[in-house]
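Spelled out, the chains give:
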Amino acid sequence: MDLLQPPCSACTSPLLRRLSSLNSVNISLNSVKCRRKTTPKFQTPVAGQNGSSYSPSVPTHKVTVLDRQRGVVHEFLVPEDQYILHTAEAQNIALPFACRHGCCTSCAVRVKSGQLRQPEALGISAELKSKGYALLCVGFPSSDLEVETQDEDEVYWLQFGRYFARGPIERDDYALELAMGDE
């Protein structure tokens, strides 16, 4: 029995996709709510991405993700032994990601309430973890959890900015002219 559902209309709305691509538009966080709610049917074993199923003996936790970029709230159940991102994808819920290995900041979130384990999160420092940042691709829920997606560039700057730059990079037209003149 296939319990996967197609994405809801709020998650795939062309208007939302268009608005989310505009950085200047700030969609009200409560303006759109994903219709994919936690229901008893999610408590039955569901086929995972790799063909495995959730074990009824493993505790599951309700995960709520506020996707700030799309202005959508997703709620779904995740077993303690499953990655949050992979479980969301198995339920046709689209969340931001890139590497899937905990090495970048594309899936970075800020924990609003609850706890998660992320032993493989190399993309964020212990300092950022202590401030409530986490990576969904390598995060396991330890309790019911509410998180909010973050701007990838902002988290990257918090993580690596002090090591690689001393502020915004300014364009050097003179250097560019010299480089172009060499060709």
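Since the model is a prediction, treat every value here as computed from it, not as a measurement.

Under the counting rule described, the total for this entry stands at 1 aromatic pair. Its guanidinium or amino end placed over the ring of Phe97, Arg100 lies 4.1 Å from that ring's centre, counting from NZ or CZ.

In this structure, Val63, Phe76, Ile84, Leu95, Ile124, Leu135 and Leu136 are the most contacted members of the largest nonpolar core, which totals 25 residues. For this core, the elements supplying multiple residues, two or more each, are strand S1 (60-67), strand S2 (72-79), helix H3 (84-90), strand S3 (108-113), strand S5 (133-135) and strand S7 (145-149).

The next point concerns a negative patch on the surface. Together, Asp151, Glu152, Asp153 and Glu154 give the surface a local cluster of negative charge. Structurally, the position occupied by Asp153 is in helix H5 (residues 152-164). Of the residues examined, Asp153 reaches a relative accessible area of 58% and is grouped as exposed.

Attention now goes to the sheet that holds S5. If you walk across this open sheet you meet the 5 strands as S2-S1-S7-S3-S5, and the pairing is mixed. A single partner strand is all that each edge strand has here, and the edge strands are S2 and S5. The sheet shows a mean angle of 35 degrees between the axes of neighbouring strands, direction not considered. Where S3 and S7 come together, 4 bridges link them in antiparallel fashion. Bridged to Ser113 within S7 is Glu146.

Calculation criteria
- Residues numbered from 1 in each chain as written.
- Predicted model: local features only at pLDDT ≥ 70, side-chain atom pairs only at ≥ 80, totals over all residues.
- Heavy atoms only, no water.
- Phe/Tyr/Trp six-rings, centres within 6.5 Å; stacked < 30°, edge-to-face > 60°.
- Lys NZ or Arg CZ within 6 Å of the ring centre and 35° of its normal.
- Core = buried A, V, L, I, M, F, W, Y, C linked by side-chain atoms within 4.5 Å.
- Buried < 20%, exposed > 50% of the residue type's maximum accessible area, 1.4 Å probe, protein only.
- Helix = DSSP H or I, 4+ residues; strand = E, 2+ residues; numbered from the N terminus.
- Patch = residues over 30% accessible without salt bridge, like charges linked within 9 Å, V, L, I, M, F, W, Y side chains within 5 Å.
- Areas by Shrake-Rupley, 256 points an atom, 1.4 Å probe, with all protein chains shown as cover.
- Salt bridge = Lys/Arg side-chain N within 4 Å of Asp/Glu carboxyl O.
- Lys, Arg positive; Asp, Glu negative; His and termini not counted.
- Charge placed at Lys NZ, Arg CZ, Asp CG, Glu CD.
- Pairing = 2+ DSSP bridges.
- Axes fitted to C-alpha atoms, helices over the stretch in contact; angles between N-to-C directions.

Everything listed here is a matter of coordinates, which is why it stays silent on function.
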